[in-house]
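# Secondary and tertiary structure notes
Okay, here's what each chain looks like letter by letter:
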Amino acid sequence: MAPPMSANGILDALRDEGLTVVEVGDWRTHNRNHKGPWGPVHGVMIHHTVTKGRDHTVRLCRDGRPGLPGPLCHGVITKDGHVHLVGHGRANHAGKGDRDVLRAVIAEKALPHDNQANVDGNAHFYGFECENLGDGEDPWPEAQLLAIEKAAAAICRRHGWTARSVIGHLEWQPGKVDPRGFSMKTMRARIAERLK
Ligand SMILES: [Zn+2]
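The numbers attached to residues start from 1 for each chain and follow its sequence in the written order. Whole-chain, interface and lining totals are the exception, using all residues; otherwise, since this is a predicted model, local features are given only for residues with pLDDT of at least 70 and side-chain atom pairs are given and counted only at 80 or more. Here the side-chain values reflect all heavy atoms present in the structure, with hydrogen atoms and water set aside.

## Notes on the pairing of strand 2 (residues 43–48)
- Burial classes follow relative accessibility: with a 1.4 Å probe on protein chains only, a residue under 20% of its type's maximum area counts as buried, one over 50% as exposed, and anything between as partly exposed. Helix and strand assignments come from DSSP, with helices taken as H or I runs of at least 4 residues and strands as E runs of at least 2, each series counted from the N terminus. Of all six residues in strand 2, six are buried; the element is thus mostly enclosed.
- Here strand 2 shows two buried faces, one formed by Gly 43, Met 45 and His 47 and the other by Val 44, Ile 46 and His 48.
- Looking at chain direction, strand 2 and strand 10 (residues 166–168) are connected through three bridges and run parallel. Following the sheet pairing, Val 44 is matched in strand 10 by Val 166. Two strands qualify as a pair provided DSSP detects at least 2 bridges between them.

Written out as structure tokens, the structure reads:
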């Protein structure tokens, strides 16, 4: 449990982890803070976008779509492994999820199965959307997987969290399948190794 990092804090953390970071427009003040709380933060959530193409993906995540205004995350991780910062503050990425999962993330314990949607995740998670069609066939380049590992580790490192603070959307909200194409268990192991 912690107050969210400042915009500069996030930027520095990502760059210190060795990531190439692209600042998109007015990302420092682009948020949904007028719609609800942002913080305390407890973890990092990983998503896939169901899109193809860097520019289109970044724009969609920044602007949102009809019925779901942006930002749709804080950082977009494209297939080239670059992190595009599109928002800072509350973002429309997590939606409602399982209170028991949130408890497990806070305690950094093994996750229970998500079977309810009764707590506001947008207040409590940093979100990274990753460019992928999410069809189970679109490949995840190693550069992109490495960037996911680094971005999540960068946030955990600054907050003093372990890899257990990193979850996939599919572990949060019943019915969600993202990210699809790699396992969060494997990704958490990579993040844990990096944090050693
Ligand atoms: Zn998602």
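From this point, the narrative continues.
## Description of the environment of Gly 39
- Residue placement: Gly 39 occurs in the loop between strand 1 (21–23) and strand 2.
- In this structure Gly 39 comes out as buried when scored by relative accessible area, which is 17%.
- Those residues in contact with Gly 39 that lie beyond four places of it in its chain are Pro 4, Ala 123 and His 124. It only takes one pair of heavy atoms within 4.5 Å for two residues to be counted as in contact.

## Some points on the sheet that holds strand 5 (residues 75–77)
- The sheet built from six strands is open, its strands ordered 1-6-5-9-2-10 with mixed pairing. This sheet does not close on itself; its edge strands, each paired only once, are strand 1 and strand 10. For this sheet the average axis-to-axis angle between neighbouring strands, irrespective of direction, equals 25°.
- The pairing of strand 5 with strand 6 (residues 83–85) spans three bridges and is classified as antiparallel. Opposite Val 76, over in strand 6, you have His 84 as the bridge partner.
- The strands touched by helix 2 (residues 54–63) are strand 5, strand 6 and strand 9 (125–130); relative to strand 5, the strand with the most contacts, the crossing angle is about 155°.
- The strands touched by helix 4 (residues 142–159) within the sheet are strand 2, strand 5, strand 9 and strand 10, with strand 9 carrying the most contacts at an inclination of about 170°. Here, axes are lines fitted to C-alpha atoms. For helices the fit covers the stretch in contact, and angles between N-to-C directions go from 0 to 180 degrees.

## Details of the packing of aromatic side chains
- Classification of ring pairs rests on two measures: the distance between centres of Phe, Tyr or Trp rings, Trp counted by its six-membered ring, which must be within 6.5 Å, and the angle between planes, read as stacked under 30 degrees, edge-to-face over 60 and tilted in between. With the rule as written, the count across this model stands at four aromatic pairs.
- An angle of 85° between the planes, with centres 4.8 Å apart, marks the rings of Trp 140 and Phe 182 as edge-to-face. Residue Trp 140 is located in the loop between strand 9 and helix 4, and its partner Phe 182 is located in the loop between strand 10 and helix 5 (184–195); the two are separated by 42 residues in the primary sequence. With respect to burial, Trp 140 and Phe 182 carry one shared label: buried.
- These aromatic residues form a ring-pair network of at least three members: Trp 38, Tyr 126 and Trp 161.

## Concerning the pairing of strand 9
- Extensive coverage of strand 9 is indicated by the burial of six of its six residues.
- The side-chain alternation of strand 9 yields two buried faces, one formed by Phe 125, Gly 127 and Glu 129 and the other by Tyr 126, Phe 128 and Cys 130.
- Of the pairings in the sheet, the one linking strand 2 to strand 9 comprises six bridges and is parallel in character. Residue Met 45 lies in a different strand from strand 9, and its bridge partner there is Gly 127.
- Sheet topology note: the strand 5/strand 9 ladder contains three bridges and is parallel. Its bridge partner being in strand 9, Gly 75 is matched across the sheet by Phe 128.

## Quick notes on the environment of Glu 193
- If you trace the backbone, Glu 193 turns up in helix 5.
- On the basis of relative accessible area, Glu 193 is assigned to the exposed category, the value being 51%.

## Considering the side chain of Arg 62
- Within the secondary structure layout, Arg 62 lies in helix 2.
- A polar atom in the side chain of Arg 62 sits 2.7 Å from the side chain of Asp 26.
- Residue contacts for Arg 62: discarding those within four places in its chain leaves Val 24, Asp 26, His 30, Gly 70, Pro 71 and Val 86. Any pair of nitrogen or oxygen atoms within 3.5 Å is treated as a polar contact; in protein, a donor-acceptor pairing is required on top of that, and neighbouring residues in sequence qualify only through side-chain atoms on both sides.

## Description of helix 3 (residues 99–107)
- Every buried residue of helix 3 is listed here: Val 101, Leu 102, Ala 104 and Val 105. All buried residues of helix 3 project into a common sector of 160° when viewed along the axis, lining one side.
- Where helix 3 begins, the side chain of Asp 98 points an oxygen toward the backbone nitrogen of Asp 100, at a separation of 2.7 Å.
- Glu 108 lies just past helix 3 and shows a positive phi near 55°. The directions from the helix axis to the C-beta atoms are what the arc is built from.

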